[in-house]
Amino acid sequence: MAKEHIGAAAHDGVDGDDELDDEEDPEEEEEEDASSEEEEPRLKYQRMGGSVPSLLSADAASCLTVAERIIALGTHDGTVYLLDYQGNEVKRFAAHAATVNELSFDAEGEFIGSCSDDGSVVINSLYTDEKEKFEYHRPMKAVALDPDYSRKSSKQFAAGGLAGQLMFNTKGWFGSRDQVLHSGEGPVHAVKWRTSLIAWANDMGVKVYDTATHQRITFIERPKDSPRAELLRPHLVWQDDALLVLGWANCVKIAAVRTRDGKNGAAAGDILGIGWKGSAGSGSKYVEIVAVIHTEYYISGLAPYGDALVVLAYIPEVEAPAAQVEAAAATTTPAAALPPTKQGHAQRPEVRIVTWKNEELATDALSIHGYEHYKAKDYVLAHAPFSGSSSAGGQWAAGDEPLYYIVSPKDVVIARPRDADDHVSWLLSHGWHEKALAAVEAGKARTELMDEVGSRYLDHLILERQYAQAASLCPKLLRGSAAAWERWVFHFAHLRQLPVLAPYIPTSNPQLRDTVYEVVLNALLTNSAYHEQLLTTIRTWPSTLYSHSTIITAIQLQLGTSSKSDFLKAVLAELYRMDGEYSKALALFVELQRPDVFEYIEEHNLQADIHDKVVNLMKLDAKRTVALLIQQSDTISASEVVGQLRKAGPDQRQLLHSYLHALFEKDPNAGREFHNMQVELYADFEPRLLLPFLRSSQHFNLDKAYEICAKRGLTRERVFLLGRMGNVKEALGLIINKLQDMEEAIKFITAQHDEELWEELINLSLKHPELVGALLEHTVGNIDPLHLVHKVPRGLPIPRLRDRLVKIITDYRTETSLRRGCNEILKADCVDLLVRYYDEARHAIRVGGTEDEGKAQSNAQNGAIAPAPVMQRVGDGIQRGTTKTGRKLSTISGSGLCCICLDPVALQNVAVVAFFCSHAYHVTCLNDTSGIRSQGTDLKKQESPKDLAYKIGQGISTASLYDHGDEDEDEEESGSPPMRCILCTTASAKNKEAKDDRKKSAAAATSNGWAG
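Everything quoted here is computed from the prediction, not taken from an experiment.

**Details of the overall build of the chain**
Working step 1: Looking only at helices and strands, the chain has 36 helices and 32 strands in total.
Working step 2: In the chain, which comprises 1012 residues, the share counted as buried stands at 45%.
Working step 3: Taking all contacts inside the chain whose residues are at least 6 apart in sequence as the whole, residues at least 24 apart take part in 54%.
Working step 4: Per element, the accessible surface of the chain, about 52000 Å² overall, is 49% carbon and sulfur.

Here is the structure:
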């Protein structure tokens, strides 16, 4: 794994912080440059500022420990400094007269314990003046306060030093009392206390004591061949309540404290250096080594890092053997007491993150002040414990930031895990702008970094001439900053790359100045390669963003000089449309053959503006153009359309035919001056429609039309024209000789109503035996079969003659049967109608109104003769008109009044004549008016009103008496006219006269029309 040299601190430190900016080794730089892949460091580093630089300028740091809210720094002059997390001095204790070797906080951070080479252990309260000092008369190297020191009255602590005894001090009723937990194995170099477990290291190894059971539970032997503890002191860290990490020389062991479950009463044995075991009873604790790490460097400090470890590594000199290093170290004074010299050869200390499997995750070399002169034991690594833990070590609560302090005699460096902002900055510094952008977009870093990332990324892409990629990223990088957008637009304009940026320029949120948009459009306008993009841009951008007149003027100038691009014309048309100049836009749309031009015409009602654009519209869509021209035929004349199409050349004849055909279908007389032309057009393009046209039109030259049809071999059309010209025999000859279509010939003859043509047909058919057979099939109703058979020459072969003769006979029988059936049906209908008429005539006719009906009923009951009632038939229509007195007929018909004198018909001794039209008359009135013949008088004399009323009651009309009478009388007096209703006869005569007048008028109009 490549090393990451940390040459500078982060710039977000406290005022007064120094950067790690010592000179770098050129050889190391070359090695780093040669590295194929550089990995991002896991930690970032910053020198502690505040009061620390001034303190260490006059003194040297010897140890450091961290509580939850405060930091304690021990120096070589015996002073203990309390600092906040920014390095500012909060308090100091002049606790010792010599070097402070170790510091320890309780879990609450209320007491600080220190030990020194002056042989004393001093415990100070941070918030009161309470202070205790314990003298042991030998240099004390390690001290550890009970984590519950502030909460317990026993005030326990453990300490040890060169005396080789681990002292356990407890306060009781009679004062403090020291208890020796262990002795006789050399000086005690380190002590760490976690919960009830105390771990300490001496020359032989590491032991763990349980204060709850007052038993030692394990012994971990010192690694073989490791230097003495005075040269490379051991390091103990409690990672949690049951996991102890110890480092000695170049070996790291991770020991787990476990509790026996009773099923496995005996210990598993001495595993990986466990030399001593406690009681083997159920519930007792034992220690198991779960990981061992051997390194190529010496360990100057340990700290937990999640599931991994942070190791402060001291790189030994390769040239000097271990014995020489040990001898030199034994005769050397503390490095802090020596002034820096240029003769030092030590390498930079390194912070390495390793897993329990000895896999290195990161390696950072630190530029510590004066590192050339320091030994492994001159460095201290401390870390901030999690909330509620002891100062011995531990993990962090969720959300807490882990902090590591690398202490040298003249320097204190803070290391913390890199956050997302650091990750982005590191990516930018290495030129990985895409990754930096992705990290910011993921939302892990501060959004304020987007501006920096965007600016640096765009600058990088511009330098690399990756203009397209830079433009595509602008919406993401510049976001809603109008000023940034305008700056980059003008920058792209300076680089002549605006066409690349144009699709991404925002039109809202933010909206830029109109000048910016006009600059972009002009950039697209001046280069013909971007005219298509200009059209897309014009259609996409809102029309309010720029000045239309400015762009229109520029386009007109461009069109007038060099470029005739269709895209440029389309842009101009769009601008005209936006300005409401629809006619100008239509002219360009038609010229450009835009498919949606018809919708545009309908949308803006521009039908009147197409009169000079017929040809182009026809080329675009002939069907829709024809429909539009037919719709506007009142304003766009046929002459104008035909003139434009004829000027366009002979290639447009089919378009001309389409238009004239549609015009003829709408109004056969609209383009009658062009019917001669249409005959030829139909013959060339749609011959199937020529015959219907010839039949419908009366405005073409027959001879010219016949000539056209003859040239093109249109036989049926020639037949029709010959028939129209009167050459029916020649036409019939074409049908027989050319078409050989007997059905067509029969239809033709039937339409001509010329009996001579049947004989001509027989004569022409005799030349074609097949046609003779076909003619035999159509003789019924047209030709006498016997006559045809006699005309056929003997020996003429006629195909299927037998079948056809059978068919003739069958058809004749069928025809005869049909006639007989029709006659029978006709007779039956006549009889049925006569019966219905007779039944209708026998229906009674009621004469008289409502009042007369009441009188008639009373008279009938008395045996008197009822007066003639008012005549009325249900369902009869009411006659319209007036009488001579001006009374409406509708009030007379069926009212019981005489239609002449308007007196009631129920007068005594007066005969009444009633007609089926519901009109009634007095016989005397009818005689006076009509000059009725004497039979009426005789009848009046012979028939009494009683008899007449009886006959009427029996359904016998008095009118029928006058109309018919006896047969003998009819024979004798033949020549006398029948009696009729005066009113109805007069109305019928008037209606007939009106019909005759209308017929005469229609006939006159028709004759005038033919004459015209």
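**Here's the deal with the sheet that holds strand 14 (residues 175-183)**
Hydrogen bonds between backbone groups are what pair the strands of a sheet, and the pairing can be parallel or antiparallel.
Working step 1: The antiparallel open sheet is built from four strands, whose spatial order is 11-12-13-14. Of all strands in the sheet, those bounded by a partner on one side alone are strand 11 (140-145) and strand 14. For this sheet, the mean inter-axis angle between neighbouring strands, taken without regard to orientation, is 20 degrees.
Working step 2: Judged from the eight bridges that link them, strand 13 (residues 165-172) and strand 14 form a sheet pairing that is antiparallel.

**Considerations on the pattern of salt bridges**
Working step 1: The final tally for this structure, using the stated rule, is 36 salt bridges.
Working step 2: Here Lys-152 and Asp-146 are joined by a salt bridge, their closest N and O atoms 3.8 Å apart.
Working step 3: Connected via shared salt-bridge partners are Arg-539, Glu-574, Arg-577, Arg-594 and Asp-596.

**Here we look at the sheet that holds strand 21 (residues 251-259)**
Working step 1: Strands sit in the order 19-20-21-23 across an open sheet of four strands; the sheet is antiparallel. Across the chains shown, the open sheet's two edge strands, defined by having one partner strand only, are strand 19 (235-240) and strand 23 (285-294). Along the sheet, successive strands turn relative to each other by an average axial angle of 25 degrees, direction set aside.
Working step 2: Pairing analysis gives six bridges linking strand 20 (residues 243-248) to strand 21, with the strands arranged antiparallel. Following the sheet pairing, Leu-244 is matched in strand 21 by Ala-255.

**Some details on the nonpolar core**
Working step 1: Within the largest apolar cluster, 91 residues are counted, with the highest numbers of intra-cluster contacts made by Val-424, Phe-492, Leu-501, Tyr-546, Ile-555 and Tyr-659.
Working step 2: Contact partners of Val-424, with chain neighbours within four places excluded, come to Ala-436, Ala-439, Val-440, Ala-445, Leu-449 and Val-453.

**Quick notes on helix 10 (residues 514-525)**
It helps to recall that an α-helix has 3.6 residues per turn; residues three or four apart then point in one direction.
Working step 1: Over its 12 residues, helix 10 extends 16 Å from the first C-alpha to the last, a length consistent with the 16 Å expected when each residue adds 1.5 Å.
Working step 2: Of all the residues in helix 10, the buried ones are Val-516, Tyr-517, Glu-518, Val-520, Leu-521, Leu-524 and Leu-525.
Working step 3: The inward-facing, buried residues of helix 10 abut helix 8 (482-494), helix 9 (498-501), helix 11 (531-540), helix 12 (548-561) and helix 13 (566-578).

**Description of the packing of helix 4 (residues 420-429) against helix 6 (residues 449-463)**
Working step 1: It is the contact of helix 4 with helix 6, at a shortest axis distance of 11 Å, that shows an interaxial angle of 10 degrees. Comparing their axes, helix 6 and helix 4 come out roughly parallel. Residue-level contacts link Asp-421, Val-424, Leu-428 and Ser-429 of helix 4 to Leu-449, Glu-452, Val-453 and Arg-456 of helix 6.
Working step 2: Broken down by class, the residue content of the contact of helix 4 with helix 6 amounts to four nonpolar, one polar and three charged.

**A few points about helix 11**
Working step 1: Burial in helix 11 covers these residues: His-531, Leu-534, Leu-535, Thr-537 and Ile-538. All buried residues of helix 11 lie within an arc of 165 degrees about the axis, which places them on one face of the element.
Working step 2: In this structure, the buried side of helix 11 is in contact with helix 10 and helix 13.

**As for the packing of helix 25 (residues 742-752) against helix 26 (residues 756-765)**
Working step 1: Where helix 25 contacts helix 26, the axes come no closer than 10 Å and their chain directions differ by 160 degrees. Regarding the angle of helix 25 to helix 26, the classification is roughly antiparallel. For the crossing formed where helix 25 meets helix 26, the hand is right-handed. In this structure, helix 25 uses Met-742, Ala-745, Ile-746, Ile-749, Thr-750 and Gln-752 to contact helix 26, whose residues at the interface are Leu-757, Trp-758, Leu-761 and Ser-765.
Working step 2: Of the residues that constitute the contact of helix 25 with helix 26, the class distribution is seven nonpolar, three polar and no charged.

**Things to note about the packing of aromatic side chains**
Working step 1: Summed over all chains, the structure comprises 14 aromatic pairs.
Working step 2: Lying across the ring of Trp-432, Lys-435 places its NZ or CZ 4.8 Å from the centre.
Working step 3: Sitting over the face of the ring of Phe-589, Arg-594 holds its NZ or CZ atom 3.9 Å from the ring centroid.

**Quick notes on the pairing of strand 25 (residues 308-314)**
Working step 1: When you tally the buried positions in strand 25, you get seven out of seven residues, the bulk of the element.
Working step 2: Side chains Ala-308, Val-310, Leu-312 and Tyr-314 project from strand 25 onto one buried face, and the interleaved Leu-309, Val-311 and Ala-313 project onto a second face that is buried too.
Working step 3: Bridging between strand 24 (residues 298-305) and strand 25 involves seven bridges; their strand directions are antiparallel. Bridged to Ala-303 within strand 25 is Val-310.
Working step 4: What sits between the antiparallel neighbours strand 24 and strand 25 is a turn of two residues, in which Gly-306 has the positive phi angle 65 degrees.
Working step 5: Sheet topology note: the strand 25/strand 26 (residues 350-354) ladder contains five bridges and is antiparallel.

**Considering the pairing of strand 18 (residues 215-221)**
Working step 1: Bridge count for strand 17 (residues 205-210) against strand 18 is six bridges, and the pairing is antiparallel. Bridged to Val-208 within strand 18 is Thr-218.
Working step 2: Here strand 17 folds back onto strand 18, and the loop between the two strands holds four residues, one of which, His-214, carries a positive phi near 55 degrees.

**Overview of the confidence of the model for the chain**
Working step 1: Per-chain confidence: the chain averages 78 in pLDDT, with 78% of residues scoring 70 or above.
Working step 2: Every residue in residues 319-325 scores below 50 in pLDDT, and together they form one contact with partners more than four places removed in sequence or on other chains.
Working step 3: Segment residues 1006-1012 is flagged for pLDDT under 50; beyond a separation of four residues in sequence, or across chains, it makes zero contacts in the model.

**A closer look at the side chain of Gln-239**
Working step 1: Tracing the sequence through the fold places Gln-239 in strand 19.
Working step 2: One polar contact links the side chain of Gln-239 to the main-chain carbonyl oxygen of Gly-306, over a distance of 3.2 Å.

**Things to note about unusual backbone geometry**
Working step 1: Cis geometry marks the peptide bond from Asn-509 to Pro-510; its omega dihedral reads 5 degrees.
Working step 2: Note on placement: Pro-510 falls in the loop between helix 9 and helix 10.
Working step 3: Backbone geometry places Asn-509, a non-glycine residue, at a positive phi of 50 degrees.
Working step 4: Residues other than glycine seldom take positive phi values, yet Leu-902 does so here, at roughly 65 degrees.
Working step 5: Note on placement: Leu-902 falls in the loop between helix 30 (850-862) and strand 31 (912-914).

What counts and what doesn't
- Residues numbered from 1 in each chain as written.
- Predicted model: local features only at pLDDT ≥ 70, side-chain atom pairs only at ≥ 80, totals over all residues.
- Heavy atoms only, no water.
- Helix = DSSP H or I, 4+ residues; strand = E, 2+ residues; numbered from the N terminus.
- Buried < 20%, exposed > 50% of the residue type's maximum accessible area, 1.4 Å probe, protein only.
- Contact = heavy atoms within 4.5 Å.
- Areas by Shrake-Rupley, 256 points an atom, 1.4 Å probe, with all protein chains shown as cover.
- Pairing = 2+ DSSP bridges.
- Axes fitted to C-alpha atoms, helices over the stretch in contact; angles between N-to-C directions.
- Salt bridge = Lys/Arg side-chain N within 4 Å of Asp/Glu carboxyl O.
- Core = buried A, V, L, I, M, F, W, Y, C linked by side-chain atoms within 4.5 Å.
- Expected span 1.5 Å × (residues − 1).
- Parallel < 35°, antiparallel > 145°, perpendicular 65-115°, else oblique.
- Nonpolar A, V, L, I, M, F, W, Y, C, P; charged D, E, K, R; others polar.
- Arc of directions from axis to C-beta.
- Left-handed = near helix turned anticlockwise from the far one by under 90°.
- Phe/Tyr/Trp six-rings, centres within 6.5 Å; stacked < 30°, edge-to-face > 60°.
- Lys NZ or Arg CZ within 6 Å of the ring centre and 35° of its normal.
- pLDDT = per-residue confidence, 0-100.
- Polar contact = N/O pair within 3.5 Å; in protein donor to acceptor, adjacent residues only side chain to side chain.

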